[in-house]
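# Analysis of the macromolecular model
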Amino acid sequence: MRITRIALHEVELPYAGGVYRLSGGRSYTSFDASIVRLTCDDGTDGWGESTPFGSTYVAAHPAGTRAGIALLAPALLGLDPRHTERVGDAMDRTLTGHHDARTALDVACWDAFGRSVGLPVCDLLGGSTEVPMAPTSSIGAGDPEEMRARVAAYRDRGYRAHSVKIGALDAEGGPALDAERIAASLADRRPGETFLVDANGGLLPEHALRMITLLPPGLDFALEAPCATWRETASLRRRCPYPIVVDELGLLDADIAHVVASDLADGINLKISKAGGLTPGRRHRDLARAAGLTVSVQDTVGSSLSYAAILHLGATVPPRTLRGVLNSEDMVTRKVAALDTVVTADGVLPGRSPGLGATVDEDALGGPVAVWEL
Ligand SMILES: [Mg+2]
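Let me begin by describing the structure that accompanies this report. None of the values given here were measured: they were computed from a predicted structure. (Residues numbered from 1 in each chain as written. Predicted model: local features only at pLDDT ≥ 70, side-chain atom pairs only at ≥ 80, totals over all residues. Heavy atoms only, no water.)

A tally of helices and strands in the chain yields 13 helices and 18 strands. Its C-alpha atoms give the chain a radius of gyration of 20 Å, near enough to 21 Å, the size a compact globule of 374 residues would have. Its C-alpha atoms give the chain principal-axis dimensions of about 60 × 40 × 35 Å. When burial is assessed residue by residue, the chain has 59% of its 374 residues classed as buried. (Helix = DSSP H or I, 4+ residues; strand = E, 2+ residues; numbered from the N terminus. Rg over C-alpha atoms; globule rule 2.2 N^0.38 Å. Buried < 20%, exposed > 50% of the residue type's maximum accessible area, 1.4 Å probe, protein only.)

What follows is the structure, encoded as structure tokens:
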């Protein structure tokens, strides 16, 4: 089985909630997806997606994703997509870093692998726990009472894990506003719900410590990505009473090893395109399991294909350590595929369809912007 053709599609994904606001004054209204289709010599297809969160989230941007895919795709022609680690070696030999570009190709290889053997990707990654996973909301920063209302709206739709964004500049209200946002977002917390308070690296240790002193007692949350650097995170870690989760800083396998070796955090946010695909993603999953870290399985953002990859990897994380999975599909208005999922009142699981379980709507993709063929 050999990869004989790779087609790249560019798809605009409008944000479903209007304007998404993050720390540092960052805002987003739409996302630019790169979607690839692998075709193999036996006719098997595989689909994968990588959608950066704009150009100011991690070191990735959509035009760069496509430039990276243009370098990587020719190196994968002729390879067996089922040999995912060897495909990763070929990408290592071709382009350093650029996990966003690698992700679409890596995920497409896993999809093709699953389709070729008639098994869902979660089986190839070790097997689903069959425990329904809590969908995680993503609550952009805003007015505290408005954030409280958005948490309630997600709660009404069955969401049991919530990611609440903070990180107000002093000129916007600073630590006092962030403390109000947290208190309001958690005000109606129900048993069984979990909350992440996510600064996306937007706080200095001083700001985080000031915010913590302004919080009412008894709030149950973990503080995600409080600071932008390892030094700042380590400094805050020594003085912070809340569990810390690493997100944007955890890119490489070595980053997760560093978190463990230095006891810098209690959990990781495993975003598939940040890690470089499902192949490194499963290593992060296993490192976290070995170290007793909690795991959120997410992606930077994305359409149905990103969500499918999230579900299949998430289903293989032990339930005790899995915080939740991000429904990226729910964050954007354009659907590019119908997914085989099992949704119950307890959560969501991937279905038993082969590969990612995605039936792609090729009309929604438009024609490819680039094709590489043997
Ligand atoms: Mg985060």
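After presenting the structure, the write-up continues.
Time to look at the sheet that holds strand E11 (residues 267-271). Reading around the barrel, the 8 strands line up as E6-E7-E8-E9-E10-E11-E12-E13 and close back on themselves, with parallel pairing between neighbours. Sheet twist, expressed as the mean angle between neighbouring strand axes with direction ignored, is 30°. Bridging between strand E10 (residues 244-246) and E11 involves 2 bridges; their strand directions are parallel. Note on E11: the bridge partner recorded for valine 245 is glycine 267. (Pairing = 2+ DSSP bridges. Axes fitted to C-alpha atoms, helices over the stretch in contact; angles between N-to-C directions.)

Interaxial distance between helix H3 (residues 99-117) and helix H11 (residues 278-291) falls to 8 Å at its minimum, and their mutual angle equals 90°. When the interaxial angle is binned, H3 and H11 end up roughly perpendicular. Of the residues in H11, those in contact with Asp106, Val107 and Trp110 of H3 are Leu278, Thr279, Pro280 and Arg282. Taken together, the residues of the contact of H3 with H11 break down into 4 nonpolar, 1 polar and 2 charged. (Parallel < 35°, antiparallel > 145°, perpendicular 65-115°, else oblique. Contact = heavy atoms within 4.5 Å. Nonpolar A, V, L, I, M, F, W, Y, C, P; charged D, E, K, R; others polar.)

Turning our eyes to something else, we now look at the coordination of the magnesium ion. Bound to the magnesium ion on the protein side are Asp198 (OD), Glu224 (OE) and Asp247 (OD), at distances that span 2.0 to 2.2 Å. Donor residues binding the magnesium ion come from one chain and are separated in sequence as D-x25-E-x22-D. Separated by 26 residues along the polypeptide, aspartate 198 in strand E8 (residues 194-198) and glutamate 224 in strand E9 (residues 222-224) bring together distant segments of the chain. Judged by its relative accessible area of 0%, glutamate 224 is buried. (Donors = N, O, S within 2.8 Å, 3.2 Å for Na, K, Ca; no water.)

A few words now on the nonpolar core. Counting residues in hydrophobic clusters, the biggest one holds 86 residues, and the most contacted among them are Phe53, Ile182, Phe221 and Leu278. The element best represented in this core is helix H12 (residues 304-314), accounting for 7 residues. Each of domain 1 (3-118 + 361-373) and domain 2 (124-358) gives at least three residues to this core. Ranked by size, the runner-up nonpolar core spans 23 residues in total, among them Ile3, Ile6, Leu8 and Leu76. (Core = buried A, V, L, I, M, F, W, Y, C linked by side-chain atoms within 4.5 Å. Domains from an automatic or database assignment.)

What follows deals with the pattern of salt bridges. On inspection of all chains with the given rule, the structure shows 28 salt bridges. In this structure, glutamate 145 and arginine 148 form a salt bridge, with 3.5 Å as the shortest nitrogen-oxygen distance. Of this pair, glutamate 145 and arginine 148 both sit in helix H5 (residues 144-156), 3 residues apart, roughly one helical turn. Since its relative accessible area comes to 47%, glutamate 145 is described here as partly exposed. (Salt bridge = Lys/Arg side-chain N within 4 Å of Asp/Glu carboxyl O.)

On to the packing of aromatic side chains. The tally for this structure, following the rule as stated, stands at 10 aromatic pairs. Ring pairs connect the aromatic residues Tyr15, Tyr20, Tyr28, Phe31, Phe53 and Tyr57, which therefore count as one cluster. (Phe/Tyr/Trp six-rings, centres within 6.5 Å; stacked < 30°, edge-to-face > 60°.)

Let us look at unusual backbone geometry. In this structure, glutamate 130 is a non-glycine residue whose phi angle is positive, near 65°. A relative accessible area of 49% means that glutamate 130 is categorised as partly exposed. Not every positive phi belongs to a glycine, and alanine 225 is a case in point at roughly 40°. Inspection of the secondary structure assignment puts alanine 225 in the loop between E9 and helix H8 (230-239).

Before going further, it helps to examine the side chain of serine 306. Topologically, serine 306 is positioned in helix H12. Residue serine 306 is classed as buried on the basis of its relative accessible area of 2%. Sequence-distant contacts of serine 306, that is, excluding residues within four places in its chain, are made with Glu49, Asp299, Val301 and Ser328.

Here alanine 345 shows up in the loop between strand E15 (341-344) and strand E16 (347-350). When the C-alpha atoms of alanine 345 and glycine 158 are compared, they prove to be 6.8 Å apart, with 187 residues separating the residues in sequence.

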